[in-house]
Amino acid sequence: MRKKIVAGNWKMNLDAAESQKLIEELKSQSLAANVTVAVAPPFVHLSSAVSQTSDSSIGVIAQNMHQAKSGAFTGEVSSSMLKSIGVHTVLLGHSERRAYFHETDALLAEKVDAALADGLQLIFCFGEELAERKSNTHFDVVTHQLTEGLFHLTAAQWENIVLAYEPVWAIGTGETASPAQAQEMHAHIRSVLAAKYDAHLAQGVSVLYGGSVKPANAQELFSQADVDGGLIGGASLNAADFAAIVNAF
Ligand code: PEP
């Protein structure tokens, strides 16, 4: 079922004390009750974030996971490890994972399967690069990423999936897609979903926008018909800014 969601991706930021402080600051903000709010701290802070948020409505999300259940994969973390500390949602396919860690569509499809098989929910990220938008191939790129990463799934499996359209040229750059550009792409995403599955599924999936969302632009972005919220990077590291984005709905 489609929900309003704002999730903060902390990336590789904040030490333990800073992480705890930010969560306390977030808990002291008044956050709109009709919005699902979550934060994605680095792995090492997940456990304390789960216990710190247990008396609040703030959810905790992992930024990544490995596709195998366990084994000789030094430095990696599995879905069952996340579940064992009370983390039930994972981000997959973030453009930084795709670009810097060479995560391909095929690998992401494996990660998607592993996460869903273990009962995790996921936020699947995708989006075009600047050159692809300039050459007017952005719709095709997004269709391809969805097809390769997710279209092997059954309709029932989509119950556990949230999409995050994040044009790479807008991530961490200060440049935001215009509300019209976001709406146009989100409508495209729903039309591709409707063609592959059906209109009911396409209308039921929550589709977030990510890319330099700030208090100043959140309201206009979130007021677009097919935008169900945001995945927030930089602005999620400041409790007042993040709360203002949540409350922009
Ligand atoms: C992100 O990392 O998903 C993101 C959208 O970052 P920023 O808000 O900083 O552009």
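Our structure's up above, just so we're on the same page.
Overview of the structure. (Residues numbered from 1 in each chain as written. Predicted model: local features only at pLDDT ≥ 70, side-chain atom pairs only at ≥ 80, totals over all residues. Heavy atoms only, no water.)

## As for the overall build of the protein chain
Next, step 1: For the protein chain, the count of helices and strands is 11 helices and eight strands.
Next, step 2: Along the longest, intermediate and shortest principal axes, the C-alpha atoms of the protein chain span 45 × 45 × 35 Å.
Next, step 3: By the burial criterion, 52% of the 249 residues in the protein chain qualify as buried.
Next, step 4: Looking at the protein chain alone, contacts between residues at least 24 apart form 72% of all its contacts between residues at least 6 apart.
Next, step 5: Entry remark: accessible area of the protein chain is about 10900 Å², with carbon and sulfur atoms responsible for 54%.
Next, step 6: The centroid of the 16 positive side-chain charges in the protein chain is displaced by 3 Å from the centroid of its 26 negative side-chain charges. (Helix = DSSP H or I, 4+ residues; strand = E, 2+ residues; numbered from the N terminus. Buried < 20%, exposed > 50% of the residue type's maximum accessible area, 1.4 Å probe, protein only. Contact = heavy atoms within 4.5 Å. Areas by Shrake-Rupley, 256 points an atom, 1.4 Å probe, with all protein chains shown as cover. Lys, Arg positive; Asp, Glu negative; His and termini not counted. Charge placed at Lys NZ, Arg CZ, Asp CG, Glu CD.)

## Focus: the pairing of strand β2 (residues 36–40)
Next, step 1: With four of five residues buried, β2 lies mostly within the body of the structure.
Next, step 2: Here five bridges tie strand β1 (residues 5–9) to β2, and the two strands are oriented parallel to one another. Each residue of the ladder has a partner; that of Ala7, found in β2, is Ala38.
Next, step 3: With helix α1 (residues 16–27) bridging β1 and its parallel neighbour β2, the resulting β-α-β unit is right-handed.
Next, step 4: Where β2 lies against strand β3 (residues 59–60), two bridges are found, and the strand directions are parallel. The residue of β3 that forms the bridge with Ala38 is Gly59. (Pairing = 2+ DSSP bridges. Right-handed = clockwise from strand over helix to strand, strands pointing away.)

## Some points on unusual backbone geometry
Next, step 1: The backbone of Lys11 sits at a positive phi, close to 55 degrees, despite the residue not being glycine.
Next, step 2: Note on placement: Lys11 falls in the loop between β1 and α1.
Next, step 3: Of note, His102 is a non-glycine position whose phi angle comes to about 55 degrees, a positive value.
Next, step 4: Residue position: His102 is located in the loop between α4 (95–100) and α5 (105–117).

## Examining α1
Next, step 1: With 12 residues, α1 extends 17 Å from end C-alpha to end C-alpha; this agrees with the ideal 16 Å at 1.5 Å per step.
Next, step 2: Among all positions of α1, only Ser19, Leu22, Ile23 and Leu26 are buried. Buried positions in α1, seen along its axis, are confined to an arc of 100 degrees and lie on one side of it. Seen from the buried face of α1, the exposed residues on the opposite side, beyond 90 degrees, are Ala17 and Lys21.
Next, step 3: Contacts from the buried residues of α1 go to β2, α2 (43–52) and α11 (239–246). (Expected span 1.5 Å × (residues − 1). Arc of directions from axis to C-beta.)

## Regarding the nonpolar core
Next, step 1: Within the largest apolar cluster, 63 residues are counted, with the highest numbers of intra-cluster contacts made by Leu150, Trp158, Leu163, Ile189 and Leu193.
Next, step 2: Leu91, Val162, Ala164 and Leu208 belong to the second largest nonpolar core, which has 12 residues in total. (Core = buried A, V, L, I, M, F, W, Y, C linked by side-chain atoms within 4.5 Å.)

## Details of the sheet that holds strand β8 (residues 229–232)
Next, step 1: Taken in spatial order, the eight strands line up as β3-β2-β1-β8-β7-β6-β5-β4 in an open sheet, and their pairing is parallel. Each end of this open sheet is capped by a strand with a single partner; those strands are β3 and β4 (89–92).
Next, step 2: As judged from the five bridges shared by strand β5 (residues 121–126) and strand β6 (residues 161–165), these two strands associate in the parallel manner. The residue bridging Cys125 from the neighbouring strand is Ala164, located in β6.
Next, step 3: Strand contacts of α11: β1, β2 and β8, with the helix running at about 155 degrees to β1, the strand carrying the most contacts. (Axes fitted to C-alpha atoms, helices over the stretch in contact; angles between N-to-C directions.)

## A short note on the packing of aromatic side chains
Next, step 1: Scanning the model with the defined rule gives seven aromatic pairs in all.
Next, step 2: Relative to Trp158, the ring of Phe151 lies with its centre 6.3 Å away and its plane at 55 degrees, an arrangement referred to as tilted. For the pair shown, Phe151 and Trp158 are each scored as buried.
Next, step 3: The rings of Phe124, Phe126, Tyr165 and Tyr209 are connected pair by pair, giving a single aromatic cluster.
Next, step 4: Over the aromatic face of Phe101 sits the side chain of Arg97, whose NZ or CZ is 4.0 Å from the ring centroid. (Phe/Tyr/Trp six-rings, centres within 6.5 Å; stacked < 30°, edge-to-face > 60°. Lys NZ or Arg CZ within 6 Å of the ring centre and 35° of its normal.)

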